[in-house]
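# A look at the structure
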Amino acid sequence: MSRAAPAHEANTGGELASPCKVLFVESGSGLGGSSSFLLYSLKYLDRDTFEPLVVYYFAPADSTVKQLQRLGVPVFSLSPNPHPRLPLESVLTTSWRRG
């Protein structure tokens, strides 16, 4: 029985394709269950397969943002605060474009 190729290898002849981009949307209401789970998940996320981006719709806690940045995860906000602010359409269309 043959095994299906993982999504990041599909249609590339076995060569690794670009990581699949994943947008995480968080409230920014402080360090609680969802923020803790987000940090834990991103800490162990396979970066060869997935490229994460976190967007907050309220001003996030600075401690959480610093932890995400230490993990190398881009962080944006949809509300005015000291972190980069992007309109939603920018996040969905241009924030991940490279080269």
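Check the entry above for the structure.
My aim in this report is to walk through the structure given alongside it, one point at a time. (Residues numbered from 1 in each chain as written. Predicted model: local features only at pLDDT ≥ 70, side-chain atom pairs only at ≥ 80, totals over all residues. Heavy atoms only, no water.)

When its secondary structure is counted, the chain shows three helices and three strands. Along its sequence from the N terminus, the chain presents helices and strands in the succession β-α-β-α-β-α. Counting over 99 residues, the chain shows a buried share of 29%. The contacts of the chain with a sequence gap of at least 6 include a subset with a gap of at least 24, amounting to 48%. Of the accessible surface of the chain, which amounts to about 6,500 Å², a share of 57% is contributed by carbon and sulfur atoms. (Helix = DSSP H or I, 4+ residues; strand = E, 2+ residues; numbered from the N terminus. Buried < 20%, exposed > 50% of the residue type's maximum accessible area, 1.4 Å probe, protein only. Contact = heavy atoms within 4.5 Å. Areas by Shrake-Rupley, 256 points an atom, 1.4 Å probe, with all protein chains shown as cover.)

Quick look at the packing of aromatic side chains now. Inspection of the entire model under this criterion finds two aromatic pairs. Between Tyr40 and Tyr44, the aromatic rings sit 5.0 Å apart at their centres with planes inclined by 55 degrees, giving tilted as the arrangement. Remark: Tyr44 and Tyr40 occur in helix α1 (residues 33-44); sequence separation between them is four residues, near one turn of the helix. No difference in accessibility class separates Tyr40 from Tyr44, as the two residues are exposed. (Phe/Tyr/Trp six-rings, centres within 6.5 Å; stacked < 30°, edge-to-face > 60°.)

A cluster of nonpolar side chains, contributed by Val25, Tyr57 and Phe58, occupies part of the molecular surface with about 310 Å² of accessible area. Inspection of the secondary structure puts Phe58 in the loop between β2 (50-56) and α2 (62-70). (Patch = residues over 30% accessible without salt bridge, like charges linked within 9 Å, V, L, I, M, F, W, Y side chains within 5 Å. Salt bridge = Lys/Arg side-chain N within 4 Å of Asp/Glu carboxyl O.)

The next point concerns the environment of Asp46. In this structure, Asp46 sits in the loop between α1 and β2. Given the relative accessible area of 38%, Asp46 is considered partly exposed. It is 9.3 Å that separates the C-alpha atoms of Asp46 and Pro19, two residues lying 27 residues apart in sequence.

Let us now look at the nonpolar core. Counting residues in hydrophobic clusters, the biggest one holds nine residues: Leu38, Leu39, Leu42, Val54, Tyr56, Val65, Leu68, Val73 and Val75. Contributions of two or more residues to this core are made by α1, β2 and α2. Ranked by residue count, the leading element in this core is α1, at three residues. Each residue touching Tyr56, except ones within four places of it in the same chain, is listed here: Glu26, Ser27, Gly28, Leu38, Thr64, Val65, Leu68, Val75, Phe76, Ser77, Leu78 and Ser79. (Core = buried A, V, L, I, M, F, W, Y, C linked by side-chain atoms within 4.5 Å.)

All right, on to the sheet that holds β2 then. Taken in spatial order, the three strands line up as β1-β2-β3 in an open sheet, and their pairing is parallel. The sheet terminates laterally at β1 (20-26) and β3 (75-77), the two strands that pair on one side only. The average undirected angle you get between the axes of adjacent strands in this sheet is 25 degrees. Pairing geometry for β2 and β3, over three bridges, is parallel. Within β3, the residue paired with Tyr56 across the bridge is Ser77. Where α2 meets the sheet, it contacts β2 and β3, and its direction lies at approximately 165 degrees from that of β2. (Pairing = 2+ DSSP bridges. Axes fitted to C-alpha atoms, helices over the stretch in contact; angles between N-to-C directions.)

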